[in-house]
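# Analysis of the macromolecular model
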There are 4 protein chains.
Amino acid sequence: MNVAIIGASGYTGLELIKILINHPKFNITYIANSTGEENVQDLHPCLKDVIDVEVQKADAKEVAKAADLAFLALPHKTAMFFAKELLDLGVKVVDLSADYRLELETYEKHYCPHEDKEHIKDSVYGLPEYYSEDLKNAKLVANPGCFPTAALLALLPFIDYIEEGSQIFIDAKTGMSGAGKGLKEVTHFGHLNENCHAYNPFNHRHMPEIEEKIQKLTNKEFQINFVPHLLPITRGMLVSVFATLKDEIDVEKILEDRYKDSEFIRLRNTPVDLKSTAGTNFCDLYVSRNGKALFVNSSIDNLLRGASSQAVVNANLICGFEEYEGIPKIAYVP
Amino acid sequence: MNVAIIGASGYTGLELIKILINHPKFNITYIANSTGEENVQDLHPCLKDVIDVEVQKADAKEVAKAADLAFLALPHKTAMFFAKELLDLGVKVVDLSADYRLELETYEKHYCPHEDKEHIKDSVYGLPEYYSEDLKNAKLVANPGCFPTAALLALLPFIDYIEEGSQIFIDAKTGMSGAGKGLKEVTHFGHLNENCHAYNPFNHRHMPEIEEKIQKLTNKEFQINFVPHLLPITRGMLVSVFATLKDEIDVEKILEDRYKDSEFIRLRNTPVDLKSTAGTNFCDLYVSRNGKALFVNSSIDNLLRGASSQAVVNANLICGFEEYEGIPKIAYVP
Amino acid sequence: MNVAIIGASGYTGLELIKILINHPKFNITYIANSTGEENVQDLHPCLKDVIDVEVQKADAKEVAKAADLAFLALPHKTAMFFAKELLDLGVKVVDLSADYRLELETYEKHYCPHEDKEHIKDSVYGLPEYYSEDLKNAKLVANPGCFPTAALLALLPFIDYIEEGSQIFIDAKTGMSGAGKGLKEVTHFGHLNENCHAYNPFNHRHMPEIEEKIQKLTNKEFQINFVPHLLPITRGMLVSVFATLKDEIDVEKILEDRYKDSEFIRLRNTPVDLKSTAGTNFCDLYVSRNGKALFVNSSIDNLLRGASSQAVVNANLICGFEEYEGIPKIAYVP
Amino acid sequence: MNVAIIGASGYTGLELIKILINHPKFNITYIANSTGEENVQDLHPCLKDVIDVEVQKADAKEVAKAADLAFLALPHKTAMFFAKELLDLGVKVVDLSADYRLELETYEKHYCPHEDKEHIKDSVYGLPEYYSEDLKNAKLVANPGCFPTAALLALLPFIDYIEEGSQIFIDAKTGMSGAGKGLKEVTHFGHLNENCHAYNPFNHRHMPEIEEKIQKLTNKEFQINFVPHLLPITRGMLVSVFATLKDEIDVEKILEDRYKDSEFIRLRNTPVDLKSTAGTNFCDLYVSRNGKALFVNSSIDNLLRGASSQAVVNANLICGFEEYEGIPKIAYVP
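From a predicted model like this one, the values you see are computed outputs, not experimental measurements. (Residues numbered from 1 in each chain as written. Chains lettered and ligands numbered in written order. Predicted model: local features only at pLDDT ≥ 70, side-chain atom pairs only at ≥ 80, totals over all residues. Heavy atoms only, no water.)

To continue, consider the environment of Ser34 of chain A. Relative to the assigned elements, Ser34 of chain A resides in the loop between β2 (27-33) and α2 (40-43). Measuring from C-alpha to C-alpha, the distance between Ser34 of chain A and Gly306 of chain A comes to 23 Å, with 272 residues separating the pair along the chain. (Helix = DSSP H or I, 4+ residues; strand = E, 2+ residues; numbered from the N terminus.)

In structure tokens form, the structure reads like this:
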């Protein structure tokens, strides 16, 4: 199947290209960014002698001629304009931005007015372990945020066992690639090297995303208190979920039962690390309990499971392919 | 005043030497490690042309001849034998190990049988912001653990406002120097670089230390749920304290009131980072609230405020000097 | 074709496994290390749910039953004993150690007495760009050292143009994985992080390897002055070759002519970096001239082109497959 | 003595402040940058509760009222306008820019037209080991570039022994702080982390600076072939000098004889590393020989010996103080 990548300049665009080059079912026929002036090899020097494609200035009609499915690796707000046009032209869309992840009301509260109220209703949230049935028939996938992916996979199996009304705390750590390739003070090497700090504590847009998905999937409401941190590394994401259980239950068993058939979830009996998931689509999980205090620990590659490889899994599912087709399980990483 | 450093080979021993070289009141007259075969310049190449002292094989009687106060930078269990002998010889002791930090019972439960039941009763816990009066008359200081230092300074001001019976969660991150200079798999560069993971979740010896000090200082009992992480950096420590408040109080004011006279506490209005405290004795604090959910965030240099510079502050106090004499407030760090 | 990997515990063993899992022509049928007590998933946690093979205690006769070709990722001296036995049993060998790289005399001068004088004569030095014809008929490949790979690919095209009798200087920088997974002081995170230094200047075993190959391939003798450095990163290798030319020639053209048909050599018009080759078999080259002063600059992944992926290229060649079959050209790296 | 720091926003400005705060003879009375709108604590959060000074918008007349000596941590071209005005007002100047380092002709060839032809003639090149006599009477010091400092200290002792007409190669590696605090692609964490590469090979402005100083100090002309590299660390600089000797001389003795009285030069018998000099004014040196091939290896802290601490040493000398007054010899670094 012919696919397009819109937004090829950033980190997630590059990862999409790298996964799709070797994918047995998808064939990249169109690559675009906002300027469209270079060969993809000049945009990403690591692709020299690997792929030889001119980058286009993104144009929905050209996409529709070239491809049946488009990946949008665009900033929120830009994405919805493209998605709308593409869907109307009959192109399936996997959107990596936030534009179709939330209920309209939640979106407009935390982001901006929404310009595609028609399609937002039909989008499917692309967390395959929880939405695989809906994904089979979807035309528009909202690829989850990186933090919500890691947090929900850790937290959802335990929601029924958590004391109602208690606070849930999430302390998350991410490599800097989540902040993008643009030049910013927080990702200046002189700032981040040998450093670590929280940012937007209790005030990050992924917090309402986590709250809303819990409510929709479990019909329970919890206050999620989310504090993300920046790590002095390039990629990888580690999440600590802390909660108060109703009873002193067998927490390992709950995880095992929930994920025994999941291709890309691995349960660990020691705390998870970044190195084991870096470069792959795996989410590694570990759980521990101290009386009624719960600690669930997850690790993903923020650019892959947190963005591009999960997007390709979603593309596999909406196209009727196997979930794992062309998805990286091993990597040549530090 | 003449001072001895016992245990000069490790990271905290080196930091003690560096601080004391420039201290206006203390004079290093004796440096020892377990072998005693080198000049200190060979042990620590950065000290070449800075200090020229032969390292002794540690001997308490020689210490007593050479010095009035000894810093013990030794493993727990080894420390108590030296401390006992030194105290009986009239030498004041600042012990950086765990041997005198806890009540006898707590110690023996989490460490090993104690061999100096006489002096453990009289030791003072060297957290200056909370024990300054006791320290003035102390002969034996138990220098706090690095995690308890950062956690207690963040948590103690809020204990009275936390919902009784609720769980307190602490997610802590430390540079690898806390694991020492010995060769271990977790501190192999190939393991730790571009990595991050929890270790001993809910099962670290600093957890009962935090619980006991809260109980002793506030007469309240809380279950502390402590999860430390290893960061891919050499030094620095970042702590997130999460708790549930009784009411939606003014959390900034509580911190300001508590620490307005503290020489080495700085309140920040953005999340704290490692870079601002690295190489100094400062503890930086930040606090945030989400309804009744509390986040207190502290940063220290794990080898200085978490060990060696706090030890020298304690030495200043038990000797009647000013708290800040010779204590680093700025550093030439990355 | 069935293949065995002997020496699966180290970094190069792991990389061999990862490449061969996805190789279209080779099938891993035997994995061994010196103890043989674990599943390969326990040896390398990143392989969980990816490959499920019991690691054997290495035994040549068992290898011969299971495989037609063996990769030896063993220390020098250990490797020759295995190679000898395997070759006598009719198994093809790609040896990643130093044991068959040098002429007997050179080997015994810089390493130790050689125990397989029979096969060392017939081994082929596995630098595909210079030995592809010999490799087609080889039964024993000596996979080049990492530094010689990067240095020879940069230097060999210019040998005829360098002033006779002049000194050639090579300043090389490598990630720490070249020093192996064993615990050593130089690869302790506390030593290497935020650090960089030379080691074995003018005295590294790869120096005679470079000198000998130049002499054998060009019939010219030059004194190679080689200084390797350790970089505070996990993988990647960067080499600066400095030499004095006879004349002010067109150095770019020489490189282009030499490598225009080479699948895994990329010529760059700016200095090469580590990131573009990390995780791949590419060697990137750049050249610059200042009057008669020459600078040739190469970058490889020390574990892949400097070891495991070059080994699989060599295996492809001796088995009559295409050079590039199953060889990584892109990677999911920081 | 009252001193001013002009250009307080960058890395070298911060280091000047940190050194001068604790200096026994100098007293900071004026701090300026180009905007002059903040307290120095807001400019550099690590200075909170350490120094409380309003940053001024730089004005030469105000400087002359407040101070007898000014440190200029400004970009080249900006510096000369300030220096000129300050010198005419009777203020001594230590200029950290390139503006007074070179002969007029060399300067204008490699930088831009010079606007202070009067004072450039009288400036003294602030490399204390070679210009201490001239510095005693100087009113204007041109603080050397970071690379020239490390390269000249390594190379100058050997110039008389190097084969005339032979090429001298310098392979240098620097932490990224040399590239400044401004946001640039090369110092984006995503670019530099786990990376390393050369830049401006044979084409860096420090190359003519090294050549000119050798010629002026030794009356010999050599072609210096200089290739700098960026390391994935914040601070530190490592230099490899490669040259061809006339004879197989005792190279260690030459270094020892030359530097036996130098306060801030340390000779090492193993290759130098970055960690031993980081945070100090020391230059560590090591030398090795392979026949007639010479390798001299130097390490400095690029922001201290390569800029700010060397500037304060120069200020000490022109003010008649001891060279080592207030100069850091130890540091609390990773």
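Having seen the model, we can carry on.
Next up on the list: the relation of the copies chain A and chain B. It takes a turn of 180° to lay chain A on chain B, together with a shift of 0.0 Å along the axis; the resulting RMSD is 0.0 Å. Classification of the inter-copy transformation places it as that of a two-fold axis. The residues that chain A uses at the interface reappear at the interface of chain B in 100% of cases, marking a shared surface. (Least-squares fit on C-alpha atoms with pLDDT ≥ 70 in both. Contact = heavy atoms within 4.5 Å.)

Looking now at the domain arrangement of chain A. Residues and elements named next belong to chain A. On domain assignment, one finds that chain A holds domain 1 (2-143 + 307-318) and domain 2 (147-300). Between the C-alpha centres of domain 1 and domain 2 there is a distance of 25 Å. Counting residues at the interface gives 21 residues for domain 1, matched by 26 residues for domain 2. Around 2,100 Å² of area is buried between domain 1 and domain 2 when both sides are counted, 52% of it from carbon and sulfur atoms. Ranking the residues of domain 1 by area buried against domain 2 places Tyr11, Glu129 and Tyr130 at the top, with a combined share of 32%. Our enumeration of links across domain 1 and domain 2 arrives at three salt bridges. When contributions to the side of domain 1 that touches domain 2 are tallied by element, the ones reaching two or more residues are α1 (11-21), α5 (104-110), α7 (128-136) and α12 (308-318). Its residues assigned to classes, the side of domain 1 that touches domain 2 shows nine nonpolar, eight polar and four charged. (Domains from an automatic or database assignment. Buried area = accessible area lost by both parts, 1.4 Å probe. Salt bridge = Lys/Arg side-chain N within 4 Å of Asp/Glu carboxyl O. Nonpolar A, V, L, I, M, F, W, Y, C, P; charged D, E, K, R; others polar.)

Moving on, we come to the UniProt feature "domain: Semialdehyde dehydrogenase NAD-binding" (unreviewed entry) in chain A. UniProt records the feature "domain: Semialdehyde dehydrogenase NAD-binding" (unreviewed entry) at residues 2-138 of chain A, using the numbering of this structure. Helix and strand shares over residues 2-138 of chain A are 39% and 18% respectively, and the end C-alpha atoms of the span are 18 Å apart. (UniProt positions renumbered as here; feature names shortened; annotations may be inferred.)

Residues and elements named next belong to chain C. In the sheet, strand β4 (residues 69-72) pairs with strand β5 (residues 92-95) via four bridges, with the strands oriented parallel. Counterpart to Phe71 in the pairing with β5 is Val94. Crossover β4 to β5 through helix α4 (residues 78-88) is right-handed. Where β5 lies against strand β7 (residues 140-142), three bridges are found, and the strand directions are parallel. If you follow Asp95 over to β7, its bridge partner there is Ala142. (Pairing = 2+ DSSP bridges. Right-handed = clockwise from strand over helix to strand, strands pointing away.)

On to the environment of Lys61 of chain C. Its location among the elements puts Lys61 of chain C in helix α3 (residues 60-66). Among residues more than four places away in sequence, those in contact with Lys61 of chain C are Glu85 and Leu89 of chain C.

This paragraph deals with unusual backbone geometry. Across residues other than glycine, the phi torsion is negative in most instances, and most of the peptide bonds are trans. Positive phi is not limited to glycine here, since Glu194 of chain B has a value of about 55°. Look at Asp49 of chain C: it is not a glycine, yet its phi comes out positive at around 65°. Tracing the sequence through the fold places Asp49 of chain C in the loop between α2 (40-43) and β3 (56-57).

Residue and element names in this part refer to chain A. On the UniProt side, "active site" (unreviewed entry) is annotated at positions that read Cys146 here. Tracing the sequence through the fold places Cys146 in helix α8 (residues 146-155). Discounting residues that sit within four places of it in the chain, Cys146 has contacts with His206, Met237, Ile300, Asn302 and Gly306.

What follows deals with the interface of chain C and chain D. Listed per partner, the contact involves 47 residues of chain C and 47 residues of chain D. Buried surface at the junction of chain C and chain D, both sides included, amounts to about 3,500 Å², of which 63% is carbon and sulfur. By the criterion of area lost to chain D, the three top residues of chain C are Phe169, Glu194 and Phe202 of chain C, representing 18% of everything that side buries. Counting every contact that joins chain C to chain D gives two salt bridges. Here Lys173 of chain C ties to Asp171 of chain D by a salt bridge, and the two come within 2.9 Å at their closest N and O atoms. Counting the contacts that link chain C with chain D gives 24 residue pairs in polar contact (both at pLDDT 80 or more). (Polar contact = N/O pair within 3.5 Å; in protein donor to acceptor, adjacent residues only side chain to side chain.)

So, on to the sheet that holds β3 of chain C. Residues and elements named next belong to chain C. Across the sheet, seven strands lie side by side as β3-β2-β1-β4-β5-β7-β6; this open sheet has parallel pairing. This sheet does not close on itself; its edge strands, each paired only once, are β3 and β6 (124-125). Relative to β4, strand β1 (residues 2-6) is paired through four bridges, and the arrangement is parallel. When the bridges of β4 are listed, Ile6 appears paired with Leu72. Contacts from helix α1 (residues 11-21) reach β1, β2 (27-33) and β4, with the element oriented near 165° to β1. (Axes fitted to C-alpha atoms, helices over the stretch in contact; angles between N-to-C directions.)

The next subject is the relation of the copies chain C and chain D. Screw-axis analysis of chain C against chain D gives a translation of 0.0 Å along the axis, an RMSD of 0.0 Å, and a rotation angle of 180°. When you check the interface residues of chain C against chain D, 100% turn up at the interface there too, and the contact is symmetric in its surfaces.

Under the defined criterion, the tally for this structure stands at 80 salt bridges over all chains. In the salt-bridge network here, residues are joined through shared partners; they are Glu15, Lys18, Arg235 and Asp301 of chain A.

The next thing to look at is the interface of chain A and chain B. If you look at the interface, chain A gives 47 residues, while chain B gives 47 residues. Of the roughly 3,500 Å² buried between chain A and chain B on both sides combined, carbon and sulfur atoms contribute 63%. It is Phe169, Glu194 and Phe202 of chain A in chain A that bury the most area against chain B; as a group they hold 18% of the surface buried on that side. Applying the counting rule to chain A against chain B returns 24 residue pairs in polar contact (both at pLDDT 80 or more). The element contributing the most residues to the side of chain A that touches chain B is strand β11 (residues 237-244) of chain A, with five residues. Of the residues that constitute the side of chain A that touches chain B, the class distribution is 23 nonpolar, 16 polar and eight charged.

For the rest of this paragraph, the subject is the sheet that holds strand β10 (residues 224-230) of chain A. Taken in spatial order, the seven strands of this open sheet run β9-β10-β8-β11-β14-β13-β12 (chain A), and their pairing is mixed. Unpaired on one side and paired on the other, β9 (197-198) and β12 (265-267) of chain A mark the two borders of the sheet.

In this model, helix α10 (residues 206-218) of chain D (13 residues) spans 18 Å end to end at C-alpha, consistent with the 18 Å of a helix rising 1.5 Å per residue. Downstream of α10 of chain D by one or two residues, Asn219 of chain D has phi in the positive range, about 60°. (Expected span 1.5 Å × (residues − 1).)

What follows is about helix α4 (residues 78-88) of chain B. Residue and element names in this part refer to chain B. Within the sequence span of α4, burial applies to Ala79, Met80, Phe82, Ala83, Leu86 and Leu87. The buried residues of α4 occupy an angular sector of 165° when projected down its axis, which confines them to one face. Looking at the residues trailing α4, positive phi occurs at Gly90, about 85°. (Buried < 20%, exposed > 50% of the residue type's maximum accessible area, 1.4 Å probe, protein only. Arc of directions from axis to C-beta.)

Our next topic: the packing of helix α7 (residues 128-136) of chain B against helix α12 (residues 308-318) of chain B. Helix-helix packing: each pair is described by the crossing angle between the helix axes and the interaxial distance. Residues and elements named next belong to chain B. As a packed pair, α7 and α12 sit with axes 9 Å apart at the nearest point and diverge in direction by 35°. Read as a crossing pair, α7 and α12 show a hand that is right-handed. Between α7 and α12, the contacting residues are Pro128, Leu135 and Lys136 on the first element and Gln310, Val313, Asn314, Leu317 and Ile318 on the second. When its residues are assigned to classes, the contact of α7 with α12 shows five nonpolar, two polar and one charged. (Left-handed = near helix turned anticlockwise from the far one by under 90°.)

Our next topic: the packing of aromatic side chains. Under the criterion given, the structure shown has 46 aromatic pairs over all chains. Aromatic pair Tyr107 of chain D and Tyr111 of chain D: ring centres 4.9 Å apart, planes at 10°, arrangement stacked. Per residue, the accessibility class of Tyr107 of chain D equals that of Tyr111 of chain D, and both read buried. Grouping aromatic residues by their ring pairs yields a cluster made of Phe169, Phe202, Phe242, Tyr286 and Phe295 of chain A together with Phe169, Phe202, Phe242, Tyr286 and Phe295 of chain B. Against the face of Tyr130 of chain D rests Arg258 of chain D, its NZ or CZ located 4.2 Å from the ring centre. Across the ring face of Phe282 of chain D, the terminal group of Arg266 of chain D is positioned such that the distance to the ring centre comes to 3.7 Å. (Phe/Tyr/Trp six-rings, centres within 6.5 Å; stacked < 30°, edge-to-face > 60°. Lys NZ or Arg CZ within 6 Å of the ring centre and 35° of its normal.)

The next subject is the packing of helix α8 (residues 146-155) of chain B against helix α10 (residues 206-218) of chain B. All names here are of chain B. At a minimum axis distance of 9 Å, the contact between α8 and α10 shows a crossing angle of 35°. Crossing angle aside, the handedness with which α8 passes α10 is right-handed. Contacts from Cys146, Phe147, Pro148, Ala151, Leu152 and Leu155 in α8 reach His206, Glu209, Ile210, Lys213 and Ile214 in α10. Its residues assigned to classes, the contact of α8 with α10 shows eight nonpolar, one polar and two charged.

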